[in-house]
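Chain by chain, the residues run as shown.
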Amino acid sequence: MSSQGSPSDRADVTVAELERLRALVGPLEESYEELRVELAEARQAARAAEYEAGRLRGELTAMRVDLHRARQDQYHVRRLLLRPLRRVLGRRRD
């Protein structure tokens, strides 16, 4: 079953929410419109925050990949430089 429910369930929730808001605000239509505008702004802010969080997750993933590649490069450079150095030092001791 979907976490959001069926469209009729959402409509029931919306009607219940409107009734709750009418009880809080009163019968003025202007107040309903202000609440609708506030709701639209809140949804827009939530979407913007989700977008930014996704962008930052992507940036973090890219940085982790770069760090992993840098560590691999460091390992290979050390291996390439230290192996011949150890051989040279080993021959000098003989």
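Residues numbered from 1 in each chain as written. Predicted model: local features only at pLDDT ≥ 70, side-chain atom pairs only at ≥ 80, totals over all residues. Heavy atoms only, no water.

Enquirer: Outline the overall build of the chain, supporting the account with residue identities and numerical values.
Expert: What the chain contains, in helices and strands, is two helices and zero strands. The proportion of buried residues among the 94 residues of the chain is 4%. Taken as a whole, the chain presents about 8,900 Å² of accessible surface, with 56% of it coming from carbon and sulfur. (Helix = DSSP H or I, 4+ residues; strand = E, 2+ residues; numbered from the N terminus. Buried < 20%, exposed > 50% of the residue type's maximum accessible area, 1.4 Å probe, protein only. Areas by Shrake-Rupley, 256 points an atom, 1.4 Å probe, with all protein chains shown as cover.)

Enquirer: Can you explain a negative patch on the surface? Please cite residues and give values.
Expert: Residues E30, E34, E38 and E41 make up a contiguous surface patch of negative charge. Checked against the element boundaries, E34 lands in helix α2 (residues 29-93). (Patch = residues over 30% accessible without salt bridge, like charges linked within 9 Å, V, L, I, M, F, W, Y side chains within 5 Å. Salt bridge = Lys/Arg side-chain N within 4 Å of Asp/Glu carboxyl O. Lys, Arg positive; Asp, Glu negative; His and termini not counted. Charge placed at Lys NZ, Arg CZ, Asp CG, Glu CD.)

Enquirer: Could you give an account of a positive patch on the surface, naming the residues involved and the relevant values?
Expert: Among the surface-exposed residues, R79, R83, R87 and R91 lie close enough to one another that they form a single positively charged patch. Secondary-structure assignment places R83 in helix α2. Judged by its relative accessible area of 45%, R83 falls in the partly exposed class.

Enquirer: Can you break down the environment of L21 residue by residue, with the values?
Expert: Locating L21 in the fold gives a position in helix α1 (residues 7-25). In sequence terms L21 and Y32 are eleven residues apart; their C-alpha atoms lie 8.0 Å from each other.

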